[in-house]
Amino acid sequence: MRGMLDTVGETLPILLVPDPTLRAKCRPVGPQDTDTVRALLPRMFATMYQAPGIGLAAPQIGQKLRFLVADVQPNEARHPIAMINPEIAARSAELAVREEGCLSLPGQYAEVTRPARVKVRYLDATGARREIEAVGLLSACLQHEIDHLDGVLFVDHLSALKRNMILRRLAKELRQKRDEDR
Ligand code: NI
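Residues numbered from 1 in each chain as written. Predicted model: local features only at pLDDT ≥ 70, side-chain atom pairs only at ≥ 80, totals over all residues. Heavy atoms only, no water.

**A look at the overall build of the protein chain**
Each helix and strand in the protein chain was counted, giving four helices and seven strands. Element order for the protein chain, N to C, with α for helix and β for strand: α-α-β-β-β-β-β-β-β-α-α. A compact globule built from 182 residues would reach a C-alpha radius of gyration of about 16 Å, and the protein chain, at 16 Å, matches this within 12%. For the protein chain, long-range pairs separated by at least 24 residues make up 65% of all intrachain contacts whose partners lie at least 6 apart in sequence. In the structure as shown, the protein chain presents an accessible area of about 10,000 Å², 50% of it carried by carbon and sulfur atoms. For the protein chain, the distance from the average site of its 26 positive side-chain charges to the average site of its 23 negative ones is 4 Å. (Helix = DSSP H or I, 4+ residues; strand = E, 2+ residues; numbered from the N terminus. Rg over C-alpha atoms; globule rule 2.2 N^0.38 Å. Contact = heavy atoms within 4.5 Å. Areas by Shrake-Rupley, 256 points an atom, 1.4 Å probe, with all protein chains shown as cover. Lys, Arg positive; Asp, Glu negative; His and termini not counted. Charge placed at Lys NZ, Arg CZ, Asp CG, Glu CD.)

In structure tokens:
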């Protein structure tokens, strides 16, 4: 689907915490959703690259559907990945710690512990079945994005204390920004 992904898309607004859509359990993409997904993928890539970010899941743009985009090296040769109905088929017992952020929690970062390697099965933008084994940054990124499809945010992997600290700080910063913009 190179042609489609090369299309320059218009960017979309990114929903921020505490928007309830970010907490929704998304439903699988079905045949009736093909047009919606095809229309949104180029715009999701455009939104992700502009942000800039390395991943963006459908609920972050207000769609309660199981699809996402990712590119863990956006500043080098682009390597866009679109995943429809992704599933984690296997996880390593070995864990890895990595600092994560999220476009829906701008300016907030924390170290998150996750399985170091995952095997992900998904449909690509053409509807072809695919499977990849991800390690390092891509592994963390895909786990983070697939979490979004179940309404899970990276802060949910932290202690309640750390999570509440981040959510309070985010709310305060967004309030200040709104006041400044007024
Ligand atoms: Ni995120």
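**Some remarks on the environment of Gly55**
Looking at the element boundaries, Gly55 is found in strand β1 (residues 55-57). Apart from the residues lying within four places of it in its own chain, the contact partners of Gly55 are Met48, Gln60, Val69, Ala70, Leu103, Cys141 and Glu145.

**Regarding the nonpolar core**
Counting 19 residues, the largest nonpolar core has Leu41, Met44, Leu56, Phe67 and Val69 as its most contacted members. Taken together, the elements giving at least two residues each to this core come down to α2 (34-50), β2 (67-70) and β3 (81-91). If one sorts the elements of this core by residue count, α2 sits on top with seven residues. (Core = buried A, V, L, I, M, F, W, Y, C linked by side-chain atoms within 4.5 Å. Buried < 20%, exposed > 50% of the residue type's maximum accessible area, 1.4 Å probe, protein only.)

**A look at the packing of aromatic side chains**
Counted by the stated rule, this structure contains one aromatic pair. Centre to centre, the rings of Phe45 and Tyr49 are 6.2 Å apart; their planes meet at 20°, and the pair counts as stacked. Placement of both Phe45 and Tyr49 in helix α2 is noted, with a separation of four residues, approximately one turn of the helix. Taking relative accessible area as the criterion, Tyr49 reaches 16% and is therefore assigned buried. (Phe/Tyr/Trp six-rings, centres within 6.5 Å; stacked < 30°, edge-to-face > 60°.)

**Here's the deal with the pattern of salt bridges**
Under the definition given, this model contains 12 salt bridges. Among the salt bridges present, the one from Lys177 reaches Asp181, with a minimum N-O distance of 3.4 Å. Of the two residues, Lys177 and Asp181 are both situated in helix α4 (residues 160-181); the distance of four residues between them amounts to about one turn of the helix. Residue Asp181 is classed as exposed on the basis of its relative accessible area, which comes to 57%. (Salt bridge = Lys/Arg side-chain N within 4 Å of Asp/Glu carboxyl O.)

**Examining the environment of Gln50**
With respect to the helices and strands, the residue Gln50 is situated in helix α2. Its relative accessible area of 57% is what places Gln50 among the exposed residues. With 39 residues separating them in the primary sequence, Gln50 and Thr11 have C-alpha atoms 7.8 Å apart.

**Some thoughts on α2**
The terminal C-alpha atoms of α2 lie 25 Å apart, and with 17 residues this matches the ideal 24 Å at 1.5 Å per residue to within 8%. Val37, Leu40, Leu41, Pro42, Met44, Phe45, Ala46, Thr47, Met48 and Tyr49 are the residues of α2 that are buried. (Expected span 1.5 Å × (residues − 1).)

**Quick word on the sheet that holds β1**
Judged by pairing direction, the sheet is antiparallel, and its five strands sit side by side in the order β1-β2-β3-β6-β7 without closing on themselves. Every other strand in the sheet has two partners, leaving β1 and β7 (129-134) as the edge strands with one partner each. The average undirected angle you get between the axes of adjacent strands in this sheet is 40°. Pairing geometry for β2 and β3, over four bridges, is antiparallel. Looking across to β3, one finds that Phe67 is bridged to Ile84. Along the sheet, α2 contacts β1, β2 and β3; its crossing angle with β2, the most-contacted strand, is approximately 35°. (Pairing = 2+ DSSP bridges. Axes fitted to C-alpha atoms, helices over the stretch in contact; angles between N-to-C directions.)

This is a description of form; function is not addressed.
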